[in-house]
Every structure is written in C-alpha cells, then in structure tokens.
Amino acid sequence: AQQLNQSPQSMSIQEGEDVSMNCNSSSMLNLLLWYKQDAREGPILLIKLLKGGELARNGKLTAQFGGTKKDSLLNISASEPKDAGTYVCAGSTVLPKHLQPALKLAMSTPVTVLSQFLLS
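Thresholds applied
- Residues numbered from 1 in each chain as written.
- Predicted model: local features only at pLDDT ≥ 70, side-chain atom pairs only at ≥ 80, totals over all residues.
- Heavy atoms only, no water.
- UniProt positions renumbered as here; feature names shortened; annotations may be inferred.
- Salt bridge = Lys/Arg side-chain N within 4 Å of Asp/Glu carboxyl O.
- Helix = DSSP H or I, 4+ residues; strand = E, 2+ residues; numbered from the N terminus.
- Buried < 20%, exposed > 50% of the residue type's maximum accessible area, 1.4 Å probe, protein only.
- Pairing = 2+ DSSP bridges.
- Axes fitted to C-alpha atoms, helices over the stretch in contact; angles between N-to-C directions.
- Disulfide = S-S within 2.5 Å.

The chain goes by Ig-like domain-containing protein in an unreviewed UniProt entry, where it is assigned to Bos taurus. Under Subcellular location (unreviewed entry), UniProt gives the following word-for-word description of the chain: "Cell membrane".

Below is the structure:
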C-alpha cells in the first residue's frame, strides 16, 4: 500500500520567519496537492503539482515536486499570523486507466505563528 508521510509533525515559529515542510511518498505520484485546513471553510487547495521537478508558486507559497515524483517541499516565506493552520499534502498514484486514481492524504502539519509584540 502507498505510504504518504509529512514532516515535521508540527511547528511553532516567530512571525516573519520562513516555514518549510516535506511530503514523501513510498511510490511515484501522478499528482500532488498541498492543502490548508480551515476550521470554517474546510480544506483549501493551495498548490497542485503534476510534473517531476515542477516549481509552483501561489503568493508567498512555493512548492516543488521532486524529480522522481515521490516527494515535495512546501515553503511559506515571511510568515504572518494568518498563515497559522494545518497543512496537508495529498497524492494520487499512477494506476491503470480503467481505475480512478486513489487520493491518499498524509498526516497533517499544524503550524503556529507567534506574533511579535513590540515594546515601546
């Protein structure tokens, strides 16, 4: 069975810092998706990757699909409190044409962004 793993398991960062997380699959994927879970709206699609080595951007989010199509890195630059949330990667394996691709969800990564308080 296909295994999809995400790391780190959780992180807490200071506002303004960059965030990176990884997604790794035990088998080659024909599609990799990065989502952010929103408590009110449910999962929000951030980035979709189809080609090995592909680099995709969505605002300050950048994601790259590994050349072997087995891994991906998601980076959030200059984090803000609104970037806090739970990020999930999902992947679909290459299957025979008569079967629908099975979408597999990895464990999610909760990200906490700590606001910096400026003291006068």
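K.L.:
Just to check I follow, could you spell out the pattern of salt bridges for this structure?
P.N.:
If the charged atoms of two oppositely charged side chains come close together, the side chains can form a pair. Evaluation of the coordinates by the stated rule reveals two salt bridges. Here Lys 60 ties to Asp 83 by a salt bridge, and the two come within 2.7 Å at their closest N and O atoms. Pair noted here: Lys 60 is in the loop between strand S6 (55–58) and strand S7 (61–65) and Asp 83 is in the loop between strand S8 (71–76) and strand S9 (85–93), with a separation of 23 residues, a long-range link. Since its relative accessible area comes to 10%, Asp 83 is described here as buried. If you follow the salt bridges from partner to partner, you end up with Lys 60, Glu 80 and Asp 83 in one network.

K.L.:
How do you make sense of the sheet that holds S6 when you look at a structure like this?
P.N.:
If you trace the five strands from one edge of the open sheet to the other, you get S1-S3-S8-S7-S6, paired in antiparallel fashion. The open sheet has two free edges, formed respectively by strand S1 (4–7) and S6, since each of these has just one partner strand. Ignoring strand direction, the axes of neighbouring strands in this sheet form an average angle of 15°. With four bridges joining them, S6 and S7 adopt antiparallel strand pairing. Among the inter-strand pairings, Arg 57 is bridged to a residue of S7, identified as Thr 62.

K.L.:
Is there a simple way to explain the state of the cysteines in this structure?
P.N.:
Each disulfide consists of a covalent bond between the sulfur atoms of two cysteine residues. Per the counting criterion, the structure on display carries one disulfide. Between Cys 23 and Cys 89 runs a disulfide, and the two sulfur atoms are separated by 2.0 Å. Around the S-S axis, the bridge from Cys 23 to Cys 89 shows a dihedral of about 65° and counts as right-handed. Highlighted residues: Cys 23 in strand S3 (residues 19–25) and Cys 89 in strand S9, separated in sequence by 66 residues. For the pair Cys 23 and Cys 89, a shared accessibility class is recorded, and that class is buried.

K.L.:
It is not clear to me how the pairing of S8 should be interpreted in this structure. Could you clarify?
P.N.:
Remember that side chains alternate between the two faces of the sheet whenever the strand is regular. By the alternation rule, side chains of S8 split into Ser 72, Leu 74 and Ile 76, which are all buried, and Asp 71, Leu 73 and Asn 75, of which none is buried. As paired strands, S3 and S8 are joined by six bridges and run antiparallel to one another. Residue pairing in the sheet places Asn 24 in a bridge with Asp 71 of S8. Pairing of S7 with S8, which is carried by five bridges, proceeds in the antiparallel orientation. Directly across from Gln 64, in S8, lies its bridge partner Leu 73. Between S7 and the antiparallel strand that follows it, S8, lie five residues; Lys 69 among them carries a positive phi value of about 60°.

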